[in-house]
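Structure assessment
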Amino acid sequence: MRFDVVSLFPDMFRILTGQGVVGRALERGSAELHLWNPRDYTQDPHRTVDDRPYGGGPGMVMKVEPLQAAIEDAKHAAPDSKVAYVTPQGRTLVQDTIAEIAAEPGWILIAGRYEGIDERLVERYVDAEWSIGDYVVSGGELPAMVIMDAVMRLLPGTLRHKDSARTDSYVDGLLDFPHYTRPEVIAGARVPQVLLSGNHRAIARWRLRQALGRTWLRRPDLLERRGLSGEEKALLDEFIQARRDAE
Ligand code: SAM
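No experiment lies behind these values; they were computed from the predicted model shown.

The rules we used
- Residues numbered from 1 in each chain as written.
- Predicted model: local features only at pLDDT ≥ 70, side-chain atom pairs only at ≥ 80, totals over all residues.
- Heavy atoms only, no water.
- Domains from an automatic or database assignment.
- Helix = DSSP H or I, 4+ residues; strand = E, 2+ residues; numbered from the N terminus.
- Expected span 1.5 Å × (residues − 1).
- Contact = heavy atoms within 4.5 Å.
- Polar contact = N/O pair within 3.5 Å; in protein donor to acceptor, adjacent residues only side chain to side chain.
- Near = heavy atom within 4 Å.
- Areas by Shrake-Rupley, 256 points an atom, 1.4 Å probe, with all protein chains shown as cover.
- Nonpolar A, V, L, I, M, F, W, Y, C, P; charged D, E, K, R; others polar.
- Buried < 20%, exposed > 50% of the residue type's maximum accessible area, 1.4 Å probe, protein only.
- Arc of directions from axis to C-beta.

**Considering the domain arrangement of the protein chain**
- Looking at the assigned domains, one finds that the protein chain contains domain 1 (2-152) and domain 2 (169-246).
- Placing a centre on the C-alpha atoms of domain 1 and another on those of domain 2 gives a separation of 38 Å.

As structure tokens, this is what we get:
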């Protein structure tokens, strides 16, 4: 999978590429990252990358010509890739969208700065607009990194434990179950007994019950959307009953 990112701050991507899951994906060659800086396409001595907005008002807009030249070069280098603009006005990303993104051969991500980019460039080049949530950050670099991290951990061979993404929150429409590690007791708080039992069937049932219960408590909207099998319904009833009994 190939990512090309158009960004005024290519150095920011070092925090992503040097380590962890993404570092491993890039090192193994299951993903590629190419950076295109509009500043490299400026023609003036000041290397200007912003411009005043038509109509006046506060803030600047990314200068059109260098941005357009960077997008054109990225498209030329990655002809099979679609183009996405990361923007708070885009479709809010959820795990299903990440899977859709991962299914494409590549993406050119445009990271905005200032008040954003000229609308005519959006109309001309952009196939998708994505938001990382209903809030505004100062540039598209962090959103682009969030997307690439979420996508690359789905690529085969990237995660050390290949099944670990399978039980992650949202993958099957549920939140993940709670996790525990050593020691067995911390300040009097014990690990749930079933996890020490070695009974894999009982552990799997307990985990599913917890995942269903957590989702019911924290994100009932997910349960409504997903629906439950007969067995899942019974496990959720057990979870709810146990909570009532504990009250
Ligand atoms: N004036 C823009 C608006 O209100 O829609 C916000 C501009 S923001 C300061 C600068 C850049 O950060 C945007 O062009 C976009 O690329 C990026 N950005 C900010 N918040 C984002 C979000 N929630 N999701 C994706 N990108 C975001």
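**Focus: helix H7 (residues 200-218)**
- With 19 residues, H7 extends 27 Å between its outermost C-alpha atoms, agreeing within 8% with the 27 Å of an ideal straight helix rising 1.5 Å per residue.
- Tucked into the core, H7 has its buried residues touching helix H8 (220-226) and helix H9 (230-246).
- Of the residues that open H7, the one with a side-chain oxygen 3.2 Å from the backbone nitrogen of arginine 201 is asparagine 199.

**Side note on the site of the ligand**
- Contacts to the ligand come from 20 residues, most closely from Tyr85, Val86, Gln89, Gly112 and Tyr135.
- The separation between an oxygen atom of the ligand and a polar side-chain atom of tyrosine 85 is 2.8 Å.
- A distance of 2.8 Å is found between an oxygen atom of the ligand and a side-chain nitrogen or oxygen belonging to glutamine 89.
- Protein contacts shield 86% of the accessible area of the ligand, which totals 580 Å² for the unbound molecule.
- When residues of the shell around the ligand are traced back to their parent elements, those giving at least two are strand E5 (82-92) and strand E7 (128-131).
- For the shell around the ligand, the element with the highest residue contribution is E5, accounting for 5 residues.
- By residue class, the composition of the shell around the ligand is 10 nonpolar, 9 polar and 1 charged.

**What to know about H9**
- The terminal C-alpha atoms of H9 lie 25 Å apart, and with 17 residues this matches the ideal 24 Å at 1.5 Å per residue to within 8%.
- Turning to H9, its buried residues number three or more, namely Glu232, Leu235, Leu236, Phe239 and Ile240. With its buried residues spanning 140° around the axis, H9 presents them on a single face. Every exposed residue of H9 that faces more than 90 degrees away from the buried side is listed here: Gly230, Arg244 and Asp245.
- In the core, the buried residues of H9 are packed alongside H7 and H8.

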